[in-house]
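# Residue-level structure breakdown
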Amino acid sequence: SRGLDPAKAAVVVPYHELRLVKEELREFDEQTQLDVREFRHRIAEAERELSGLLRSTAEFRKEVDDAEAKWHKHQNYKKVLMDAVQAALDS
């Protein structure tokens, strides 16, 4: 005999236990929604702070970019001079 498939067996759960589980799920959902609102608020606050930092450091970042570009220009000029010296020594 094959017997009864446990996956298809009926499970009896008392109604009051279902109500308790339903209430726990409702409380969990409520807490999750509160957490989501709090996290969204914190993210928005962090984005505002980051936006302010970007604005307040814009001039400094431009100065750094300009200094880097100037450095590259000087490096290229130095290479040209070194190549010219080497060419003069080789001739």
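One structure accompanies this document, and this report is about it. Residue positions are given per chain, counted from 1 along the sequence in the order it is written. Local features in this predicted model are restricted to residues of pLDDT 70 or higher, and side-chain atom pairs are both shown and tallied only at a pLDDT of 80 or more, whereas totals for entire chains, interfaces and linings draw on every residue. Hydrogens are left out, water is left out, and the side-chain values use all remaining heavy atoms of the structure.

## Description of the overall build of the protein chain
Defined as follows: Per the convention used, a helix needs a DSSP run of H or I reaching at least four residues, while a strand needs a run of E reaching at least two, with both numbered from the N terminus. Only protein chains enter the accessibility calculation, which uses a 1.4 Å probe; a residue is then buried when its area is under 20% of its type maximum, exposed when over 50%, and partly exposed in between. Computed with the Shrake-Rupley method and a 1.4 Å probe, the accessible areas treat only the protein chains shown as cover for residues. Within this scheme the basic residues Lys and Arg register as positive and the acidic residues Asp and Glu register as negative, but His and the chain ends are omitted. By convention, the charge on Lys lies at NZ, on Arg at CZ, on Asp at CG and on Glu at CD.
Along its length, the protein chain carries one helix and zero strands. Per-residue burial for the protein chain yields a buried fraction of 0% across its 91 residues. Within the structure as shown, the protein chain displays about 9,100 Å² of accessible surface, and the carbon and sulfur contribution to it stands at 60%. Of note, the protein chain has its 16 positive side-chain charges centred 4 Å away from the centre of its 19 negative side-chain charges.

## With respect to a nonpolar patch on the surface
Going by this rule: Here, patches come from residues exposed beyond 30% relative accessible area and free of salt bridges, joined within 9 Å for like charges and within 5 Å for nonpolar side chains (Val, Leu, Ile, Met, Phe, Trp, Tyr). Any carboxyl oxygen of Asp or Glu that lies within 4 Å of a side-chain nitrogen of Lys or Arg is treated as forming a salt bridge with it.
A cluster of nonpolar residues, Val11, Val13 and Leu18, forms a patch on the protein surface that exposes about 290 Å² of accessible area. Here Leu18 shows up in helix α1 (residues 15-90).

## Regarding the pattern of salt bridges
Evaluation of the coordinates by the stated rule reveals four salt bridges. A salt bridge links Arg26 to Glu30, with the nearest nitrogen and oxygen atoms 2.9 Å apart. Here Arg26 pairs with Glu30, and both are found in helix α1, just four residues apart, close to one helical turn. Overall, the relative accessible area of 41% leaves Arg26 in the partly exposed class. Among the residues examined, Glu30 registers a relative accessible area of 45% and is labelled partly exposed. Notably, a salt bridge pairs Lys79 with Asp83, separated by 3.0 Å at the nearest N-O pair. Note that Lys79 and Asp83 are positioned in helix α1 at a spacing of four residues, about one turn of the helix.

Without other data, these values stay purely geometric and don't point to any function.
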